[in-house]
Amino acid sequence: GSADETARIWLLADGSPVRTLKGHTGHVESVCVTPDGRRVVTGSKDNTARVWLLADGAHVRTLEGHTSSVNSVCVTPDGLHVVTGSHDNLVKVWDFLSGKELLTLRGHVEGVNCVAAAQNGNKPLVASGAYDCSVGVWDPVRGGGPLLVLMNPGPSSRPSRFLRARGRANVY
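Residues numbered from 1 in each chain as written. Predicted model: local features only at pLDDT ≥ 70, side-chain atom pairs only at ≥ 80, totals over all residues. Heavy atoms only, no water.

1. Re the overall build of the protein
Stated formally: The helix and strand labels rest on DSSP assignments: H or I over at least four residues marks a helix, E over at least two residues marks a strand, and numbering proceeds from the N terminus. Relative accessible area decides the class of each residue, using a 1.4 Å probe on protein chains only: under 20% of the type maximum gives buried, over 50% gives exposed, and in between gives partly exposed. For accessible areas, the Shrake-Rupley method is used with a probe of radius 1.4 Å. Any residue's cover is judged against the shown protein chains and nothing else.
Helices and strands together make up the secondary structure of the protein, namely zero helices and 16 strands. With 172 residues in all, the protein has 48% of them scored as buried. Taken as a whole, the protein presents about 8500 Å² of accessible surface, with 51% of it coming from carbon and sulfur.

2. Focus on the pattern of salt bridges
To keep things clear, this is the line we draw: By definition, a salt bridge exists where a carboxyl oxygen of Asp or Glu is found within 4 Å of a side-chain nitrogen of Lys or Arg.
For the structure on display, the rule yields four salt bridges. The partner of Lys-92 in a salt bridge is Glu-101, and the shortest N-O contact between them spans 3.0 Å. Judged by its relative accessible area of 31%, Glu-101 is partly exposed. Linking Asp-139 and Arg-142 is a salt bridge whose minimum nitrogen-to-oxygen distance equals 3.6 Å. For Asp-139, a relative accessible area of 6% corresponds to the buried category. With relative accessibility at 68%, the residue Arg-142 sits in the exposed group.

3. Thoughts on the nonpolar core
What counts, and what does not: The criterion is simple. A nonpolar core is a set of buried Ala, Val, Leu, Ile, Met, Phe, Trp, Tyr and Cys residues joined through side-chain atoms within 4.5 Å. Here a residue-residue contact requires only that any non-hydrogen atoms of the pair lie within 4.5 Å.
Counting residues in hydrophobic clusters, the biggest one holds 22 residues, and the most contacted among them are Val-41, Val-82 and Val-91. Elements represented by at least two residues in this core include exactly β5 (48-53), β7 (70-75), β8 (81-86), β9 (91-95), β10 (101-105) and β11 (112-120). The residues touching Val-91, leaving out its near neighbours within four places in the chain, are Val-83, Thr-84, Leu-103, Thr-104, Leu-105, Val-112, Val-115, Val-126, Ser-128 and Trp-138. The next biggest cluster of nonpolar side chains, apart from the first, holds six residues, and it includes Ala-7, Leu-21, Val-40 and Trp-52.

4. Observations regarding the confidence of the model for the protein
Predicted coordinates in regions of low pLDDT should not be interpreted in detail. Worth spelling out the cut-off: Values of pLDDT, the confidence the predictor places in each residue, fall between 0 and 100.
Confidence along the protein averages 88 in pLDDT terms, with 87% of residues attaining 70 or more. Confidence over residues 160-172 falls short of pLDDT 50; this stretch has 33 contacts with residues more than four positions distant or in other chains.

5. Focus on the pairing of β11
Within a regular strand, side chains alternate between the sheet's two faces. This is how it is decided: Should DSSP find at least two bridges between two strands, the strands are regarded as paired.
The buried count for β11 comes to eight of nine residues, which makes it a mostly enclosed element. Pairing geometry for β11 and strand β12 (residues 123-130), over eight bridges, is antiparallel. Each bridged residue has a counterpart across the sheet, and for Ala-116 the counterpart in β12 is Ala-127. Adjacent in sequence and paired antiparallel, β11 and β12 are bridged by two residues, among which Gly-121 carries a positive phi angle near 65 degrees.

6. Describing unusual backbone geometry
If a residue is not glycine, its phi is most likely negative; likewise, a peptide bond is most likely trans. You will see that Glu-5, though not glycine, has its phi angle at about 70 degrees, which is positive. Of note, Glu-5 is situated in the segment before β1 (6-10). A positive phi angle, close to 75 degrees, is found at Asn-89, a residue other than glycine. Counting through the fold element by element, Asn-89 comes out in the loop between β8 and β9.

7. Quick word on the sheet that holds strand β13 (residues 134-138)
Where we set the bar: Throughout, an axis means a line fitted to C-alpha atoms (over the contacting stretch in the case of helices), and angles, computed between N-to-C directions, take values from 0 to 180 degrees.
Pairing within the open sheet is antiparallel, and its four strands lie in the order β11-β12-β13-β14. The open sheet has two free edges, formed respectively by β11 and β14 (148-151), since each of these has just one partner strand. Going across the sheet, the axis of each strand differs from the next one's by a mean of 15 degrees, ignoring polarity. The pairing of β12 with β13 spans four bridges and is classified as antiparallel. Looking at β13, one finds that Val-126 is bridged to Trp-138.

8. Considering a nonpolar patch on the surface
The line we're drawing: In this scheme, patches are assembled from residues that exceed 30% relative accessible area and form no salt bridge. Like charges are connected within 9 Å, while nonpolar side chains (Val, Leu, Ile, Met, Phe, Trp, Tyr) are connected within 5 Å.
Taken together, the side chains of Leu-147, Leu-148 and Leu-150 make up a nonpolar region of the molecular surface, amounting to roughly 250 Å² of accessible area. With respect to the helices and strands, the residue Leu-148 is situated in strand β14.

Put into structure tokens, the structure is as follows:
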């Protein structure tokens, strides 16, 4: 992502630029490649997330519903849902194919700065970190309040690693 309102695709082999994704009207804060490697999701200070085709950079759809910056985006491991975290204190779950907003997860008292998704056996889970130094773990299918809230007395919480280990999902 970039302050110039774009996201850039680069070749990993040699670092050469391939294309630029243009369309946001605010800084691009977050980028996520889908599990199948065919699409890219971006989150922006323009309060939206966008879905793009990786092969040609075509814009597929815009996810609108947040009232502040979309600070973080991810796609669930099954590729069925986009998860967004915003400075409006909310986590939203979207249907990947239609772009329809499915759930709004409420519980943070300050802006969400990071989201991550994992599969715990056959159960999907979402984690979100916020500027209030909390990490919430959520059920992205049934919604409701957080299944678990972890408080960190330090600076902003970031669920940087959200992994399945020994049959449970762990937030690190």
